[in-house]
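Listed below, chain by chain, are the residues.
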Amino acid sequence: MAFTIDAVAQQVRHFLLEDNGPAGRERVRVYLQDVVSDQAFANEYLDDAQPQRRVLYEDADLGFAILGHVFKEARKAPPHDHGISWAIYGQVAGVTTMDGWDVIEPGEPGKQGTVKLRDSIELTPGNVRVYNENEIHSPRRDGPAKLIRIEGNPSQNPPGRVWQPVQ
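Residue indices begin from 1 for each chain and proceed along its sequence in written order. Reporting in this predicted model follows two pLDDT cut-offs: at least 70 for local features of residues, and 80 or more for side-chain atom pairs to be given and counted; totals over whole chains, interfaces and linings ignore these cut-offs and use all residues. Excluded from the side-chain calculations are hydrogens and water; all other atoms, namely the structure's heavy atoms, are used.

1. With respect to helix α1 (residues 5-18)
Then comes step 1: Only DSSP runs of H or I reaching four residues or more are called helices, and only runs of E reaching two or more are called strands; each is numbered from the N terminus. Expected span of a helix, by definition, is 1.5 Å for each gap between consecutive residues, and there is one gap fewer than residues. When the terminal C-alpha atoms of α1 are compared, their 20 Å separation across 14 residues agrees well with the 20 Å that a helix rising 1.5 Å per residue should span.
Then comes step 2: Along α1, the residues classified as buried are I5, V8, A9, V12, R13, F15 and L16. Looking down the long axis of α1, one finds its buried residues gathered within 165° of arc, a one-sided arrangement. Pointing more than 90 degrees away from the buried face of α1 are the exposed residues D6 and L17.
Then comes step 3: Residues of α1 that are buried make contact with α2 (22-36), α3 (39-45), β1 (53-59), β2 (64-71) and β9 (145-152). Working definition: with a 1.4 Å probe on protein chains only, accessible area under 20% of the residue-type maximum means buried, over 50% means exposed, and in between means partly exposed. The reported arc concerns the directions from the helix axis to the C-beta atoms and nothing else. The contact criterion used is simple: two residues touch if any of their non-hydrogen atoms lie within 4.5 Å.

Next up, the structure:
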């Protein structure tokens, strides 16, 4: 089945209207597994010539966005959260290792908090992972990768926090 961004957005919207919490996001995660496995969708919306991050759809009413990411080289992000928002990562091509972190010491104004590595999972094509509010994670890629990311409240959300890892 070939997906379009409009059809995907409407299905995501349907799930989030029924439940805008973790249960609704889990339904989006399951649905997105089929979307990110569809090569026609990937070819249509994840062009190698596009910028690293491209907004494919934004829903002003429910406050979510669907983003297409095309990473051309290795990249490692620091541990971070999305604040009061959430994110769903769907791997289309390549491999992304998602590290999960536990808070050791909370931050305070002017001082970065510290975290310790809890787990690492590999997202391979067709895998999708949800990160709910304040869940600390860090993606890393050893080479090119493509993914679809859905995030909640991107324009209304204050920036999340970056955390300092400890051994």
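From this point, the narrative continues.
2. Quick word on the sheet that holds β9
Then comes step 1: Should DSSP find at least two bridges between two strands, the strands are taken to pair. One open sheet holds the five strands; their spatial order is β1-β2-β9-β4-β7, and the pairing between them is antiparallel. Two strands lie at the open edges of the sheet, namely β1 and β7 (128-131), each paired on one side alone. Taken over all neighbouring pairs, the strand axes of this sheet differ in orientation by 20° on average, direction set aside.
Then comes step 2: Two strands pair when backbone bridges link them, and strand β4 (residues 87-93) and β7 are joined in this way by four bridges, in the antiparallel orientation. Residue I88 lies in a different strand from β7, and its bridge partner there is V130.
Then comes step 3: Packed onto the sheet, α1 meets β1, β2 and β9 and runs at close to 135° relative to β2. To define axes, lines are fitted to C-alpha atoms, for helices over the stretch in contact only, and angles between the resulting N-to-C directions are given on a 0 to 180 degree scale.

3. Remarks on unusual backbone geometry
Then comes step 1: Of note in the backbone geometry, N134 takes a positive phi value of approximately 60° without being a glycine.
Then comes step 2: Checked against the element boundaries, N134 lands in the loop between β7 and β8 (137-141).
Then comes step 3: Among the residues examined, N134 registers a relative accessible area of 39% and is labelled partly exposed.

4. Description of the pattern of salt bridges
Then comes step 1: Here a salt bridge means any side-chain nitrogen of Lys or Arg lying within 4 Å of a carboxyl oxygen belonging to Asp or Glu. Taken as a whole and judged by the stated rule, the model has 13 salt bridges.
Then comes step 2: With a shortest N-O distance of 2.3 Å, R27 and E18 are connected by a salt bridge.
Then comes step 3: Taking the relative accessible area as the measure of exposure, E18 reaches 48% and is therefore partly exposed.
Then comes step 4: Between E151 and R53 there is a salt bridge, and its shortest N-O distance comes to 3.8 Å. Here E151 is found in strand β9, whereas its partner R53 is found in strand β1, with 98 residues between them in sequence.

5. So, the environment of A42
Then comes step 1: Secondary-structure assignment places A42 in helix α3.
Then comes step 2: Assessed through its relative accessible area of 5%, A42 is described here as buried.

6. Things to note about the packing of aromatic side chains
Then comes step 1: Here a Phe, Tyr or Trp ring, Trp counted by its six-membered ring, pairs with any other such ring whose centre lies within 6.5 Å, and the pair is stacked when the planes are under 30 degrees apart, edge-to-face when over 60, and tilted otherwise. Tallied over the entire structure, the rule returns five aromatic pairs.
Then comes step 2: Geometrically, the ring pair formed by F15 and Y31 is edge-to-face, given 5.9 Å between the ring centres and 70° between the ring planes. Taken together, the residues F15 in helix α1 and Y31 in helix α2 connect sequence positions 16 residues apart.
Then comes step 3: Among the residues examined, F15 registers a relative accessible area of 9% and is labelled buried.
Then comes step 4: Relative to F64, the ring of Y57 has its centre 5.8 Å away and its plane inclined at 35°; by these criteria the two rings are tilted. F64 shares its class with Y57; the two are buried.
Then comes step 5: Members of the aromatic cluster, each reached through a chain of ring pairs, are F3, F15 and Y31.
Then comes step 6: To sit over a ring, a charge needs its Lys NZ or Arg CZ within 6 Å of the ring centre and within 35 degrees of the ring normal. The lysine or arginine in question, R129, covers the ring of Y131, its NZ or CZ lying 4.2 Å from the ring centre.
Then comes step 7: A cation sits over an aromatic face here: R141 above F71, 3.8 Å from the ring centre.

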